[in-house]
Amino acid sequence: MTRRNFAKALAATTAIRASAAAENDPALKKATQAVLDAIAAAEADPDRPVYHFHPPANWTNDPNGTIYYRGWHHLFYQLNPFAARLGSQHWGHARSRDLVNWEHLPIAIWPSQDKGERAIFSGGAAIAADGRPRLFYTSIGKPQPEQWMAVPKDDDLIAWDKYSGNPILAQAAHAAGPIAQWRDPFLFRKDGATLMVCGGGTAAGRAQVQLYRAVKPDLSEWKHLGAIFQTIDKDVRNFECPNLFPLDGKWVLIVSPNRVCEYWIGDLDISKMQFSPTAHGVLDAGDAYASNISVDDKGRTLLWLWGRTNTPQGKGWGSVITLPRILSIGADGYLRQQPAEEFETLRGAERTFAASGLEKPVPLEGVATDCAEIEAEFSGFGTYGLELRRSSEGKPGIVVSMQGPYLNVGSARAFVGNAERHRLRIFLDKRSIEVFADDGVTAVYNWLDAGPKELGITAFGQPGGGRGFGGGPGARRTASLPGWSR
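Residues numbered from 1 in each chain as written. Predicted model: local features only at pLDDT ≥ 70, side-chain atom pairs only at ≥ 80, totals over all residues. Heavy atoms only, no water.

*Asks:* I'm lost on the overall build of the chain in this one. Help?
*Replies:* Scanning the chain from terminus to terminus reveals two helices and 36 strands. Whereas a compact globule of 486 residues would reach a radius of gyration of roughly 23 Å, the chain reaches 23 Å, a difference of no more than 12%. Within the chain, the fraction of its 486 residues that count as buried is 59%. Contacts in the chain between residues at least 24 apart in sequence constitute 56% of all its contacts with a sequence separation of at least 6. Here the chain displays about 19100 Å² of accessible surface, and carbon together with sulfur accounts for 50% of that area. (Helix = DSSP H or I, 4+ residues; strand = E, 2+ residues; numbered from the N terminus. Rg over C-alpha atoms; globule rule 2.2 N^0.38 Å. Buried < 20%, exposed > 50% of the residue type's maximum accessible area, 1.4 Å probe, protein only. Contact = heavy atoms within 4.5 Å. Areas by Shrake-Rupley, 256 points an atom, 1.4 Å probe, with all protein chains shown as cover.)

Have a look at this one:
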């Protein structure tokens, strides 16, 4: 399926599915029509990523309410249906059987102006005692933020009703006083109980993660247990989008502290209100933010992130969701992140290049692409890597390099560790790029800016290291994605 046909198909699907739901609600009808009206401009932009998830048109940011239910991966996401910039937050919705091919569904949640809402901020999902999901989000519009719940009207999770007893949590739940910047509920289970964390900070400006326990099995009533985690970094005033979840016998806490996302791995004791970290790291040193987590039927823990694209205005779209990443804990006690293997189904014809020294730059002859999966191995020390989206004049759109123990993806830098050989797996997707180093030791998302004819790839090394590159014993592989080309 070409990119053009894909866009037309999703536009038709969105229109058909949304029409019935929007018929009796002017606000939803207006929002839906605004997305449809922007599709032509978004689809016409040759720089728009094709295999990173994005709405049919206009703006997305945080992934929300990610959940696997009845054979479908459900992705809700922050959507501005009216413009390709941050604002007018709604929850968009899509579902997929395989994490690669997505069906766009009607907008799931939108501000209820008659109830005083003006924005639907981020949140999560959980299964209630009746076996059906609930969505939880931060409602913005009242003098203080509130946590609200939505209940599905059907088993396909296409239509949702806001719980009549909302809010399910208000600032009054905090005996010690209001929590500053209080938002972004995330839910998990432990010891038979359903629990929730929310982000925010103290009045004195100390970032915290607040913990709550469900009092009723329908998840409509909650009790505040206290702060389960607090930063010691005086420069961090609040935590956004906290995720707390089990992984490989430990517990992982991810936060978005208005800079790169960070994580801690440790032990969790609810009875003592203690989260005791044993490892701390940067989740993604690039331009990804606002994580969410889901667990599928294979028992895999999936990480979802907002990928910024810095798209110029007038293009009809802005931002993507990163490739869903499979999380694990390595033998060293730190996170590993790998792209979901389902993306291998997009591979087209492979090009393989023999191993070569890098005494001078090595252009990859016969390769001209802005959308590909690239596997490369480099041996030696010093600085070496790839110039991608390279122009005929020799200017790269972005440089991916190893410099000593560091991976550089454009302006982003991440620690990988010292080794004589490094393996990079690169997903180049028009304006977006993701790089996974050394089997997931480090993962970095970033955006790039290059012209439509800037399609070259060159391998390079610099004095002091970088003896050569290859894709295994004596070869390097570039796997293109022709099924998604324009």
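*Asks:* What exactly am I supposed to notice about the state of the cysteines here?
*Replies:* Here, the word disulfide means a covalent bond between the sulfur atoms of two cysteines. Evaluation of the coordinates by the stated rule reveals zero disulfides. Just so you know, Cys198 is unpaired, no disulfide at all, and the nearest cysteine sulfur is the one on Cys241, 11 Å from it. (Disulfide = S-S within 2.5 Å.)

*Asks:* What's the story with the environment of Leu407 in this structure? I'm lost.
*Replies:* Relative to the helices and strands, Leu407 is located in strand S29 (residues 406-409). When sequence neighbours within four positions are dropped, the list of residues in contact with Leu407 reads Val400, Ser401, Met402, Ala412, Arg413, Ala414, Val416, Leu424, Val435, Ala437, Thr442 and Val444.

*Asks:* It is not clear to me how the packing of aromatic side chains should be interpreted in this structure. Could you clarify?
*Replies:* Working definition: an aromatic ring pair is given by the centre-to-centre distance plus the angle between the planes. Inspection of the entire model under this criterion finds 20 aromatic pairs. Pairing Trp102 with Trp304 gives two aromatic rings, centres 6.0 Å apart and planes at 75°, and the pair type is edge-to-face. Of this pair, Trp102 sits in strand S4 (residues 102-109) while Trp304 sits in strand S18 (residues 301-307), and the two are 202 residues apart along the sequence. Among the residues examined, Trp304 registers a relative accessible area of 2% and is labelled buried. Measuring from ring centre to ring centre gives 6.0 Å for Phe427 and Phe436, while their planes differ by 85°; the resulting arrangement is edge-to-face. By the burial criterion, Phe427 is buried, and Phe436 matches it. Taken together, Phe76, Trp91, Tyr137, Trp148 and Trp160 form an aromatic cluster joined through their ring pairs. (Phe/Tyr/Trp six-rings, centres within 6.5 Å; stacked < 30°, edge-to-face > 60°.)

*Asks:* Even after reading the chapter, I still don't get unusual backbone geometry, so can you show me in this structure?
*Replies:* Note: most residues except glycine have negative phi, and most peptide bonds are trans. Put simply, Asn166 and Pro167 share a cis peptide bond, and its omega is 5°. Its location among the elements puts Pro167 in the loop between strand S8 (160-162) and strand S9 (180-190). Even without being glycine, Asn58 reaches a positive phi, approximately 65°. Along the polypeptide, Asn58 turns up in strand S1 (residues 58-69). By relative accessible area, which is 6% here, Asn58 ends up buried.

*Asks:* I tried to follow the sheet that holds strand S11 (residues 208-214) on my own but got confused; where do I start?
*Replies:* To summarise the sheet geometry, strands pair through backbone hydrogen bonds and adopt either a parallel or an antiparallel arrangement. Within the open sheet, the four strands sit side by side as S9-S10-S11-S12. Their pairing is antiparallel. Sheet topology places S9 and strand S12 (222-230) at the edges, where each strand pairs with a single neighbour. When strand polarity is set aside, the average angle formed by the axes of neighbouring strands in this sheet is 25°. Looking at chain direction, S9 and strand S10 (residues 193-201) are connected through seven bridges and run antiparallel. Bridge pairing links Leu187 to Met196 in S10. (Pairing = 2+ DSSP bridges. Axes fitted to C-alpha atoms, helices over the stretch in contact; angles between N-to-C directions.)

*Asks:* Could you clarify how one ought to interpret the pattern of salt bridges in this entry?
*Replies:* Oppositely charged side chains may form a pair once their charged atoms are brought near each other. Per the counting criterion, the structure on display carries 36 salt bridges. Note that Arg308 and Asp287 form a salt bridge whose closest N and O atoms lie 2.8 Å from each other. Of this pair, Arg308 sits in the loop between S18 and strand S19 (317-318) while Asp287 sits in the loop between strand S16 (274-282) and strand S17 (288-295); the two residues are 21 residues apart in sequence, bridging distant segments of the chain. A cluster of three or more residues bridged by salt bridges with shared partners is formed by Glu344, Arg347, Glu373, Glu375, Arg423, Arg425 and Asp439. (Salt bridge = Lys/Arg side-chain N within 4 Å of Asp/Glu carboxyl O.)

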